[in-house]
Amino acid sequence: HEAEPHALIGNSSHIENVRAKIKAVAENAEVTVLIRGETGTGKEIVARAIHRSGPRRSAPYVPVVLSAFPEGLVEAALFGAERGAFTGADERRLGYIEEAHRGLLFLDEIGDASPSMQVKLLRFLEEREIHRIGSSAPIRVDIQILAATNADLEERVRERRFQIGRA
């Protein structure tokens, strides 16, 4: 049969191990997971497989490439903004996190997140609620979070470029 686009192909023991991990993560739709690998190794294929295999499969899958946003826009893209929160915010905009409610949020290139964004994401991971820019009202969000990186995070932690706890 023909392989579907974004399918995990192969039957080596390594691929079977990856499939088993995908199944375990998909079944526990609450767990947050970091997918690591070099560019081109299929990190997003794994994320999509987790979404397709789990109980959140009928809810949104929202992929976000963090490095695709200029530093000043990534917060509004993720958390959303209220009308008038900043110049050009002429209407309320839901962020990607809120759009993924009840589904799966895939944060690609998490190793490239700025220190200030790392702190905001960590707070979100701990609390599972967001505040749109321009609002103090908390919004609870029920999502599974998968993040991916090709960066050497241990090295970035040693260089103080990546945080594993609060600043």
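Everything in this summary refers to the structure shown in the same document. Just so we're clear, the structure is a prediction, and the values are computed from it rather than from any experiment. (Residues numbered from 1 in each chain as written. Predicted model: local features only at pLDDT ≥ 70, side-chain atom pairs only at ≥ 80, totals over all residues. Heavy atoms only, no water.)

### Considerations on the overall build of the protein chain
Inference 1: Counting its secondary structure elements, the protein chain contains six helices and six strands.
Inference 2: Walking the protein chain from its N terminus toward its C terminus, one meets helices and strands in the order α-β-α-β-α-α-β-α-β-β-β-α.
Inference 3: Here the protein chain holds 167 residues, and 40% of them are scored as buried.
Inference 4: The contacts of the protein chain with a sequence gap of at least 6 include a subset with a gap of at least 24, amounting to 69%.
Inference 5: Accessible area of the protein chain: about 9,900 Å², with a carbon and sulfur share of 51%.
Inference 6: Both charge centroids of the protein chain, one from 23 positive and one from 25 negative side chains, sit 3 Å from each other. (Helix = DSSP H or I, 4+ residues; strand = E, 2+ residues; numbered from the N terminus. Buried < 20%, exposed > 50% of the residue type's maximum accessible area, 1.4 Å probe, protein only. Contact = heavy atoms within 4.5 Å. Areas by Shrake-Rupley, 256 points an atom, 1.4 Å probe, with all protein chains shown as cover. Lys, Arg positive; Asp, Glu negative; His and termini not counted. Charge placed at Lys NZ, Arg CZ, Asp CG, Glu CD.)

### Section: the environment of Glu99
Inference 1: Here Glu99 is to be found in helix α4 (residues 96-99).
Inference 2: Relative accessible area serves as the criterion here: at 37%, Glu99 is assigned to the partly exposed category.
Inference 3: Separated by 45 residues in sequence, Glu99 and Gln144 have C-alpha atoms that sit 12 Å apart.
Inference 4: With residues near it in sequence (within four places) discarded, Glu99 still touches Pro60, Val62, Arg93 and Leu94.

### With respect to the nonpolar core
Inference 1: Core analysis: the biggest nonpolar cluster contains 21 residues, and Leu66, Leu78, Ile97 and Leu107 have the highest contact counts within it.
Inference 2: Looking at this core, the elements with two or more residues in it are β2 (61-65), α3 (71-79), β3 (104-108), α5 (115-127) and β6 (144-149).
Inference 3: For Leu107, the residues in contact, after removing those within four places along its chain, are Val64, Leu66, Leu78, Leu121, Ile145, Leu146, Ala147 and Ala148. (Core = buried A, V, L, I, M, F, W, Y, C linked by side-chain atoms within 4.5 Å.)

### Observations regarding the pattern of salt bridges
Inference 1: All told, the structure shown has 14 salt bridges when counted by the stated rule.
Inference 2: Salt bridges linked by common partners bring Glu30, Arg56 and Asp142 together as one network. (Salt bridge = Lys/Arg side-chain N within 4 Å of Asp/Glu carboxyl O.)

### Quick look at the sheet that holds β6
Inference 1: Reading across the sheet, the four strands line up as β1-β6-β3-β2 and stay open at both edges, with parallel pairing between neighbours. The sheet terminates laterally at β1 (33-36) and β2, the two strands that pair on one side only. Between one strand axis and the next, the sheet turns through 20 degrees on average, direction left out of account.
Inference 2: Where β2 meets β3, five bridges bridge the pair, whose relative direction is parallel. (Pairing = 2+ DSSP bridges. Axes fitted to C-alpha atoms, helices over the stretch in contact; angles between N-to-C directions.)

### A few points about the environment of Ile130
Inference 1: Position of Ile130 among the secondary structure elements: in strand β4 (residues 129-130).
Inference 2: Put simply, Ile130 and Leu78 are 52 residues apart on the chain and 9.3 Å apart in space, counted from C-alpha to C-alpha.
Inference 3: For Ile130, the contacting residues outside a window of four places in its chain are Phe79, Ile97, Glu98, Phe124, Ala137, Pro138, Ile139 and Val141.

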